[in-house]
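Analysis of the macromolecular model
Here's the letter readout for the chains.
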Amino acid sequence: MAKRVGIEVSLAISEAVKQAKVDAIAAYPITPQTHIVEHLSELVADAELDAAFIPVESEHSAMSVCAGTAAAGARTYTATSSQGLALMNEILYIIPALRLPIVMTIANRALSGPISIWNDHSDIMGARDTGWIAIFAENGQEAYDLTLQSFKIAEDHRVLLPISVNIDGFTLSHVIEPHEFIDQQEVDAFLPEYKPAVQLNPDQPVSMGMVGIPEVYAEAKKCQDEVLKNSEAVVKEVFREFGEKFGRHYQVVESYRAEGAETLLLTMGSVSETAMEAIDRLQDVEKRSVGLVRLRLWRPFPSADLLKAVTGCKTLAVLDRAVSFGSPGGPVASEVRSTLYGVDGAPYIASFIAGLGGRDITIADFISIVDQAESMAESNENHQYKMIGVRE
Amino acid sequence: MAKKFNEMAWHEYPLGFMVTEPGCAAEYRTGDWRSQRPETDKSKCIKCGVCYLVCPEGAIVLAADGTYDFDLEHCKGCGICATECWTGCISMVEEGE
Ligand code: SF4
Ligand code: SF4
């Protein structure tokens, strides 16, 4: 087993990007993502990474430059957060439409206003429908592993789509954790050089970013959505290969002590680790039948695996860390509800929102969520969502 | 191009909706967008070629005598040539007249 190294998660991510031997990085600093690209710029300046580091004046430009370098056939990386992701929004849609396999870390942070630099999932939820693959990491090791795997997923010729690796801002980005790094030789064997399917090349000219008149636009969008949905199989394939090679196994939907549980919690991101502690207490001390399901893959939404993971439970408490304003539930809960709608024996689904703008979600909060969900299920309470810990 | 985009099923589209054949926009007839068409009084034409340079559609073609003709299959009737012509010999005429 490789040696464990205590290092800040942001730096571990930079290390993964370096080991992936990216060709181009364009980024703009924004808290709490800054340490990642700051360290990458040092690695490039110190000639430890042979890449073009392109500083830009905004995130809109960062993503535009990434579009250009990826179109030219370069393995391309960027990272952002919150307002930065929002500023990229226009270009975010174009990247998957052009089938450019960019890898981006999002250090998830709340959107303004009020201005908040702290963690929640409102940034990625705002970019939910841009057509990117979106994966969540729960700790530093996962952030490192998933960054490496993301290049392989994105660049697979059956995929050729951009991918965001979501890590909770501060909670992950700024903590020092033990990481096991993979030897460069083994990384090279797992992740060979990027071979673009098509690239900008004066000898074989192509036009990218064409106009789509009404007669042709719908087919382009249908094609894009099918490719995104089909990428789930490649995600699983890469997870499997990684697990076989390095012994760390990933699933698109993860379960924790969920077998036969009557009530399930559903979480996404680093808060899942606190949720596990809550499950341990509920099962071991209070002898209650409560388990945990964690979504790792957010887009494409892993409906079949989710269905399998929750089949048999009576109550499903879904935790969201963002508000979809005016919507009948949290964004994750809404997807779960539509996945389970009309399914025989589907559980009662309770939607909770917590942890907005960096507010902690404690073990006690999780236990309260489980208590509330079970009593709501008892009375079959008709609700949209409940906010946890909000002063009334 | 073998099949045109508007004849293809979604799964037949090239990667990323890319166009791999240079100049194929010529296949798209934009002439029927036009409500006015340019006409030249060739007796006043000084063969300067300004109209040829400014046409955004590449719809102006050199004639054998050094003056210029219009490719009405592609001319959108924008009137730029008429505005820019040094001698004012191009006029825009309502279609259907
Ligand atoms: S009207 Fe416009 S499109 Fe037509 S020939 Fe003149 S400049 Fe070109
Ligand atoms: S701009 Fe006018 S004068 Fe010059 S070539 Fe064209 S039609 Fe003739």
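Position numbers for residues count from 1 along each chain, tracking the sequence in the order it is written. Whichever chain is written first is A, and whichever ligand is written first is 1; the rest continue in order. At least 70 in pLDDT is required for a residue's local features to be given in this predicted model, at least 80 for side-chain atom pairs to be given and counted, and no such filter applies to totals for whole chains, interfaces and linings, which use all residues. Neither water nor hydrogens contribute to the side-chain values; these are computed over all heavy atoms in the structure.

**Re empty space enclosed by the protein**
All names here are of chain B. Think of a 1 Å grid over just the protein atoms. A cavity is a set of points where a 1.4 Å probe fits yet cannot get out, a pocket is an open set with protein on both sides within 12 Å along at least five of seven lines, and lining residues have an atom within 4 Å of a point. Grid points are joined across faces, edges and corners, and a volume is the space filled by probe spheres set on the points. Tallied over the full model, the rule gives 6 cavities of 30 Å³ or more. In this structure, the largest cavity spans a volume of roughly 110 Å³. In terms of lining, the largest cavity is formed by 14 residues, of which the most central are T40, C45, C51, C89 and I90. Helix and strand labels come from DSSP, where a helix needs a run of H or I of at least four residues and a strand needs a run of E of at least two; each type is numbered from the N terminus. Counting only elements with at least two residues in the lining of the largest cavity, the list comes to helix 1 (50-54) and strand 3 (68-70). Amino acids outside the nonpolar list (Ala, Val, Leu, Ile, Met, Phe, Trp, Tyr, Cys, Pro) and the charged list (Asp, Glu, Lys, Arg) are all regarded as polar, and Gly is one of them. Looking at the lining of the largest cavity, its residues break down into 10 nonpolar, 4 polar and no charged. Together, P38, C55, E57, A59, I60, F70, C75, K76, G77, C78, G79 and C81 line the second largest cavity. Here the residues of the lining of the second largest cavity sort into 8 nonpolar, 2 polar and 2 charged.

**Some words on the interface of chain A and chain B**
Interface size is commonly expressed as the accessible area that is lost once the parts come together. Note on contacts: a residue pair is in contact if any heavy atoms of the two residues lie within 4.5 Å. Contacts between the two partners involve 21 residues from chain A, matched on the other side by 14 residues from chain B. Defined in terms of a 1.4 Å probe, buried area is the accessible area two parts forfeit on being brought together, summed over both. For the pairing of chain A and chain B, the buried interface totals around 1500 Å² over both sides, and the portion due to carbon and sulfur atoms is 76%. For salt bridges, the criterion is a side-chain nitrogen of Lys or Arg within 4 Å of an Asp or Glu carboxyl oxygen. Between the two partners, chain A and chain B, sit 0 salt bridges. Distance and chemistry together define a polar contact, namely a pair of N or O atoms within 3.5 Å, with one atom able to donate a hydrogen and the other to accept it when in protein, and with adjacent residues in sequence counting only for side-chain atoms on both sides. The interface formed by chain A and chain B holds 2 residue pairs in polar contact (both at pLDDT 80 or more) in total. Tallying contributions element by element places helix 8 (residues 214-246) of chain A first for the side of chain A that touches chain B, with 7 residues. Its residues placed into classes, the side of chain A that touches chain B shows 14 nonpolar, 2 polar and 5 charged.

**Re the layout of surface pockets**
The space that makes up the largest pocket amounts to roughly 780 Å³. Looking at the largest pocket, it is lined by 26 residues, and the ones nearest its centre are V211 and I213 of chain A together with C24, A25 and Y28 of chain B. By residue class, the composition of the lining of the largest pocket is 14 nonpolar, 5 polar and 7 charged. By volume, the second largest pocket is sized at about 400 Å³. In terms of lining, the second largest pocket is formed by 19 residues, of which the most central are L111, D120, S122, V323 and F325 of chain A. At 3 residues, helix 5 (residues 122-126) of chain A tops the list of elements feeding residues into the lining of the second largest pocket. Among the residues making up the lining of the second largest pocket, the classes are represented as 10 nonpolar, 7 polar and 2 charged. Note that the domain bounds reflect an automated or database-derived domain assignment. Among the domains, domain 1 (3-246) and domain 2 (254-387) of chain A are the pair contributing at least three residues each to the lining of the second largest pocket.

**Comments concerning the pattern of salt bridges**
Scanning all chains against the criterion turns up 34 salt bridges over all chains. Residue R294 of chain A pairs with E138 of chain A through a salt bridge whose shortest N-O separation is 2.9 Å. Within this pair, whereas R294 of chain A is found in strand 11 (residues 290-295), its partner E138 of chain A is found in the loop between strand 6 (133-136) and helix 6 (140-155), the two being separated by 156 residues in sequence. Think of it in three bands: residues with accessible area under 20% of the maximum for their type are buried, residues over 50% are exposed, and the middle band is partly exposed, with areas taken using a 1.4 Å probe on protein chains only. The class for E138 of chain A is buried, based on a relative accessible area of 3%. E73 of chain B is paired through a salt bridge with R29 of chain B; the nearest N and O atoms lie 3.1 Å apart. One end of the pair, E73 of chain B, is in the loop between strand 3 and helix 2 (80-84); the other, R29 of chain B, is in the segment before strand 1 (36-40), and 44 residues separate them in sequence. Given the relative accessible area of 43%, E73 of chain B is considered partly exposed.

**Describing the confidence of the model for chain B**
When pLDDT drops low, the exact placement of atoms in the prediction is not to be read closely. Each residue carries a pLDDT score, the predictor's own confidence in it, on a scale running from 0 to 100. Averaged over all residues, the pLDDT of chain B equals 93, while 98% of them reach at least 70. With pTM at 0.92, the complex prediction returns an ipTM value of 0.88.

**Here we look at the site of ligand 2**
By convention in these notes, a residue is near a molecule or strand provided one of its non-hydrogen atoms lies within 4 Å of it. Around ligand 2, the neighbouring residues are C45, I46, K47, C48, G49, V50, C51, Y68, C85, T87, C89 and I90 of chain B. According to the grid-proximity analysis, the pocket containing ligand 2 is the largest cavity. If over half the atoms of a molecule are within 2 Å of the grid points of a cavity or pocket, the molecule is regarded as sitting in it.

**Points about the environment of E392 of chain A**
Within the secondary structure layout, E392 of chain A lies in the segment after strand 15 (386-387). Spatially, the C-alpha atoms of E392 of chain A and N201 of chain A are 61 Å apart, while their sequence positions differ by 191 residues.

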